Amino acid sequence: MTNPQPAAHGAITLSRFLIEQQRRDAESCPAELRLLIETVARACKTIGHAISKGALGDVLGALGSENVQGEVQKKLDVIANELLLDANEWGGHLAGMASEEMETIHRIPNRYPKGEYLLLFDPIDGSSNIDVDLSVGTIFSVLRAPEDCAGRDVTEADFLQPGRDQVAAGYAIYGPQTLLVLTVGDGVYEFTLDREVGSWRLTDGPMRIPAGTREFAINMARRRQWSPTITRYIEERIAGSEGPLGIDYNMRWTASMVADIHRILKRGGVFLYPADHREAGKARLRLLYEANPMAMLVEQAGGTATDGRDRILDIPPHGLHQRVGVVIGDVQEVAIASS
Ligand code: AFP
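Going along each chain's sequence as written, the residues are numbered from 1 onward. With pLDDT at 70 or above as the cut-off, local features in this predicted model cover only qualifying residues; side-chain atom pairs require 80 or more to be listed or tallied, and sums for whole chains, interfaces and linings still use all residues. Hydrogens are left out, water is left out, and the side-chain values use all remaining heavy atoms of the structure.

Draft legend 1. The arrangement of the site of the ligand in detail. Residues are counted as near a molecule or strand when any one of their heavy atoms sits within 4 Å of it. For the ligand, the set of nearby residues contains 18 residues, the closest of which are Asp125, Gly126, Met257, Tyr273 and Arg284. At 3.0 Å from an oxygen atom of the ligand is found a side-chain nitrogen or oxygen belonging to tryptophan 253. For the ligand, the accessible surface in isolation is 480 Å², of which the surrounding protein chains cover 92%. Labels follow the DSSP assignment, with helices taken as runs of H or I lasting at least four residues and strands as runs of E lasting at least two, numbered in each case from the N terminus. Mapped by element, the contributors of at least two residues to the shell around the ligand are strand E5 (117–125), strand E13 (270–273) and strand E14 (285–286). Each residue receives one of three labels: charged for Asp, Glu, Lys and Arg, nonpolar for Ala, Val, Leu, Ile, Met, Phe, Trp, Tyr, Cys and Pro, and polar for the others, Gly being one of them. For the shell around the ligand, the residue count by class is seven nonpolar, five polar and six charged. In this entry, domain limits derive from an automatic or database-based domain assignment. Per-domain counts for the shell around the ligand show at least three residues from each of domain 1 (14–204) and domain 2 (215–337). Counted as a polar contact is a pair of N or O atoms within 3.5 Å, where, for protein atoms, one must be capable of donating a hydrogen and the other of accepting one, and residues adjacent in sequence contribute only when both atoms are in side chains. Each accessible area is a Shrake-Rupley result for a 1.4 Å probe, and residues are judged covered by the shown protein chains and nothing else.

Draft legend 2. Spotlight on the pattern of salt bridges. We define a salt bridge as a contact between a side-chain nitrogen of Lys or Arg and a carboxyl oxygen of Asp or Glu at a distance within 4 Å. Applying the stated rule across the entire model yields 21 salt bridges. Between glutamate 215 and arginine 263 there is a salt bridge; the shortest N-O distance is 3.4 Å. Here the residue glutamate 215 occupies a position in strand E11 (residues 215–217), and arginine 263 occupies one in helix H6 (residues 257–267), the gap between them amounting to 48 residues. Residues glutamate 215 and arginine 263 agree in their burial class; the two are buried. The shortest N-O distance in the salt bridge between glutamate 333 and arginine 237 comes to 2.9 Å. A residue pair is termed long-range when its members are at least 10 positions apart, and glutamate 333 in helix H8 (residues 331–337) and arginine 237 in helix H5 (residues 228–239) qualify at 96 residues. A single burial state applies to glutamate 333 and to arginine 237, both of which are buried. Only protein chains enter the area calculation, which uses a 1.4 Å probe; residues under 20% of their type maximum are buried, those over 50% are exposed, and those in between are partly exposed.

Draft legend 3. Seen up close, the side chain of glutamine 21. Following the sequence through the fold, glutamine 21 ends up in helix H1 (residues 14–24). For glutamine 21, a relative accessible area of 1% translates into the label buried. Ignoring any residue separated from it by four or fewer positions in sequence, one finds glutamine 21 in contact with Ala26, Ser28, Cys29, Val184 and Asp186. It only takes one pair of heavy atoms within 4.5 Å for two residues to be counted as in contact.

Draft legend 4. Structural context of the packing of aromatic side chains. Any Phe, Tyr or Trp ring, taking Trp's six-membered ring, that has another such ring centre within 6.5 Å forms a pair; planes under 30 degrees apart are called stacked, those over 60 apart edge-to-face, and the others tilted. Considering all chains together, one arrives at four aromatic pairs under this definition. Its guanidinium or amino end placed over the ring of tyrosine 249, arginine 237 lies 5.0 Å from that ring's centre, counting from NZ or CZ. Placement of a positive charge over a ring is assigned whenever Lys NZ or Arg CZ falls within 6 Å of the ring centre and within 35 degrees of the normal to the ring plane.

Draft legend 5. Seen up close, the sheet that holds strand E7 (residues 168–174). In short, DSSP must find at least two bridges between two strands for them to pair. Strand order in the open sheet formed by eight strands is E4-E3-E5-E6-E7-E8-E9-E10, with mixed pairing between adjacent strands. At either margin of the open sheet sits one strand with a lone partner, and together these are strand E4 (106–107) and strand E10 (199–204).

Draft legend 6. Representation of the sheet that holds E11 within the structure. Taken together, five strands build an open sheet; the order of strands is E12-E11-E13-E17-E15 and the sheet is mixed. The open sheet is flanked by strand E12 (250–252) and strand E15 (304–306), the only strands paired with a single partner. Strand-to-strand, the axes of this sheet are offset by a mean angle of 15°, without reference to chain direction. Sheet topology note: the E15/strand E17 (residues 326–329) ladder contains three bridges and is antiparallel. Looking at the pairing, threonine 306 lines up with valine 327 of E17. Axes here refer to lines fitted to C-alpha atoms; in helices the fit is confined to the stretch in contact. Angles between the N-to-C directions go from 0 to 180 degrees. Lying on the sheet, H5 is in contact with E11, E13 and E17; it crosses E13 at an angle near 135°. Set on the sheet, helix H7 (residues 287–300) makes contact with E15 and E17; between it and E17 the angle comes to about 25°.

Draft legend 7. Expanded view of the pairing of E7. Of all seven residues in E7, seven are buried; the element is thus mostly enclosed. Taking every second residue as pointing to the same face, both faces of E7 are buried, with Ala168, Gly170, Ala172 and Tyr174 on one and Ala169, Tyr171 and Ile173 on the other. As defined by bridge partners, strand E6 (residues 136–144) adjoins E7 across seven bridges and the pair is classed as antiparallel. For phenylalanine 140, the partnering residue across the bridge sits in E7 and is glycine 170. Relative to strand E8 (residues 178–183), E7 runs antiparallel, the two sharing six bridges. Bridged to glycine 170 within E8 is leucine 182. Between E7 and the antiparallel strand that follows it, E8, lie three residues.

Draft legend 8. Local environment of H5. Over its twelve residues, H5 runs 16 Å from end to end, which matches the ideal 16 Å to within 8%, given 1.5 Å per residue. Listing the buried residues of H5 in full gives Ile230, Thr231, Tyr233, Ile234 and Arg237. The buried residues of H5 all sit within an arc of 165° when viewed along its axis, so they share a single face. Buried-residue contacts for H5 involve E11, E13, E17 and H8. In the stretch just after H5, glycine 240 is the one whose phi turns positive, near 50°. Helix span, as expected, comes to 1.5 Å for every residue beyond the first. When we speak of the arc, we mean the arc of directions from the helix axis to the C-beta atoms.

The analysis is restricted to geometry; functional conclusions fall outside its scope.
Put into structure tokens, the structure is as follows:
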């Protein structure tokens, strides 16, 4: 009897994919991690449904409050944060959680069993896009809790692990389609939400960043913050065929890292949000729950990610909401921009 042909993409659900990954390599996807990922994926379905209601669901607009980042909180920032906390705190997979929307960590209540993982997330990435119906996303990162956590409460320090220690990373993107893109360290896979039955269906993977795509993503309004290296890198690409490179580039900027990174995973290119070279440590993106998970995904897809000099995944965190410069995507473009 011939081996059963692998099911065509679209026929494989997230649950089946994770169970088969667990069978292939229990180390990369043990049952507890599989169940955690399925829980996060279910919460992302609920978040996507809330977003799709728009003005009909009283989910748009700001709350008149600020988060720990000093940024205006949108209703959906808080709704999505609560959904992720509620979905994940009772399952027994986690020792704690951390979020862009919470000043400090969220410990698992004593009434629930604790697990061996730490979950970090940006519940809604690209919040400024919510009220104008542009793509937003949810970014998540999974770390192992230190072994001695079993006998004590987790602390913020337990979350301060370099990105290379992540055991899983992913994002949901709420756009024309609702997608989940995921890695457990064995390739990057895309799932599309089948809204008719409510299941995630495998639609791409293992994903590889196409090399040589001449497309960069940067917020040009921040030009005064760029180092000479970044300034030269962008100016040469704007000069295109009339400049030293002798070839044209294109630019995209979606104000949602999830949407820009998804485009890079699908068709290549590079994303840059450099730190402000005039003031040490002044940067926009957060290391633990934006840069690290995206860097794991991009490296798993054959790309690279630096802070403008050093590999993102090797940066030793010193704070839960630490910010970092980001240059990520096509290996050659990242190398040139990080030189
Ligand atoms: P928000 O989630 O606060 O909208 O920030 C989104 C983000 O962190 C990242 O997703 C975007 O690439 C970047 O900020 C957009 O920054 P600008 O608003 O400066 O373009």
